[in-house]
Every structure is written in structure tokens, then in C-alpha cells.
Amino acid sequence: MEQVTPALAALSHAQGDGGEGTSSPICAIVVNWNGWRDTLACVASLLALDEGLLQIVVCDNGSSDGSVQHLQAWLAERDHKDRAAVHVLALAENRGYAGGINAGIGWAQSQLGVRQFWLLNNDVEAQPGALRELLAARARVPDAGLCGSVLLEWDAPLQVQAVGGRYCRWLGVGRHDTTECGDADGVYKIRVSNKTIV
């Protein structure tokens, strides 16, 4: 598992959202495939955040290990507030990570009216204040098309796993960027086609 620091995974927003910030609901999209134990730890860490206005959609990518049943049973034991904040979207087949994310975003837009998304792997746990710090970083760069976070190694939480990523369009592959080069505010800025990625 990875730990997600205060400056979390990925927050994406629809263009023209007007920079709603924390007064607008945020939806965390978590993709699961045969990993319900990690997913439960991830969702529990999200529910423990004190930022409020957070909806969680768990997209199950056609798991064969009973993940949907385990998630639903765990939710049934939670209080009403937690049950209302978590939605399990069971997909019939494995659409891959991007397909699961896209299904979750589409469902959340149509069913919850959400316009800001926090895209997470199921093997992360959010540290207290993580979403608040991510939103603050986005507010410092209002034209950001995407905000990301610093990922720390699970077993060595002082060791940076990645501060971002690089994608080679020609080869169709990506890789983590481990170069620490943030500004005085700890914000890492990359320009891509007139949009800033923080």
C-alpha cells in the first residue's frame, strides 16, 4: 500500500467550474479489482477525514473474490452518515483502471451532480488533512487542470515514491517522477498544453 500525504492523489475538475473549492462537493473515485481488503482500508481513511462534503464511489471492476459483497457487508455495519457517503458501483467486467475511473466519474456526474473528483487507487490511505491541503494547493493555482500529490512509500513514510508522473505519448508508457522540485509553498507546477498540472 502507499500512503498519501497532505497533497493527495489526483483531484480533477470539470472545465469552467469557477474554482468552487471546499464549498462544492468532492467525489473520491476508488477502483477495486479483487482487492477488497485494501479498498476497505482506503475507504475507512477517506471517511475519517474531517473535510466534509466528500462522496465516495467505489467502482468494482468485475471482481471474482466477493469484493462487492464484502464492501456491502462492511457498509451495512457503518453508521447512516457513512453509508450515505459511499456508493458501490459494480461493473460487469474488468474495464481496467481508466475504464473504472471513467465509469465512476460518469455515474457521479449523473447521480450526484458532482463536478470535482479525487481519483485514487484502492491501495492508498489518506492522511488527516490530505484533501484540505490538496484543495488549498489547487486554490493557489486556479487554472490548474489537474492536481496531484506526493506519494510516500508505505513501509518507509519519509521516503518519496513519486511527486508526479511523466507520460511518453510515442511509447504509450508512463513512469513516476521522483524529483523533488516544489516551490516555496510545496506546489509542483508543470505546464501541459496551456493547462497547469499542480
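Preceding this paragraph is the structure being described.
Given the structure is predicted, the values throughout are model-derived calculations rather than measurements. (Residues numbered from 1 in each chain as written. Predicted model: local features only at pLDDT ≥ 70, side-chain atom pairs only at ≥ 80, totals over all residues. Heavy atoms only, no water.)

Focus: the overall build of the protein
Here is step 1: Looking only at helices and strands, the protein features five helices and 14 strands.
Here is step 2: Across the 198 residues that make up the protein, the buried fraction comes to 45%.
Here is step 3: A separation of at least 24 residues holds for 74% of the contacts in the protein among residues at least 6 apart in sequence.
Here is step 4: For the protein, the accessible surface area stands at approximately 10,300 Å², while carbon and sulfur atoms represent 51% of it. (Helix = DSSP H or I, 4+ residues; strand = E, 2+ residues; numbered from the N terminus. Buried < 20%, exposed > 50% of the residue type's maximum accessible area, 1.4 Å probe, protein only. Contact = heavy atoms within 4.5 Å. Areas by Shrake-Rupley, 256 points an atom, 1.4 Å probe, with all protein chains shown as cover.)

Things to note about helix 2 (residues 67-76)
Here is step 1: Buried within helix 2 we find Ser67, Val68, Leu71, Trp74 and Leu75. Angularly, the buried residues of helix 2 cover 135° about the axis, an arc narrow enough to put them on a single face. Away from its buried face by more than 90 degrees, helix 2 exposes Gln69 and Ala76.
Here is step 2: Buried residues in helix 2 make contact with strand 3 (26-32), helix 1 (36-47), strand 4 (54-61), helix 3 (80-85) and strand 5 (86-91). (Arc of directions from axis to C-beta.)

With respect to the pattern of salt bridges
Here is step 1: What the rule picks out here adds up to two salt bridges.
Here is step 2: Asp82 is the salt-bridge partner of Arg78, the closest N and O atoms lying 2.8 Å from each other.
Here is step 3: Judged by relative accessible area, which is 10%, Asp82 ranks as buried.
Here is step 4: In this structure, Arg95 engages Glu93 in a salt bridge whose closest nitrogen and oxygen atoms are separated by 3.3 Å.
Here is step 5: Taking the relative accessible area as the measure of exposure, Glu93 reaches 41% and is therefore partly exposed. (Salt bridge = Lys/Arg side-chain N within 4 Å of Asp/Glu carboxyl O.)

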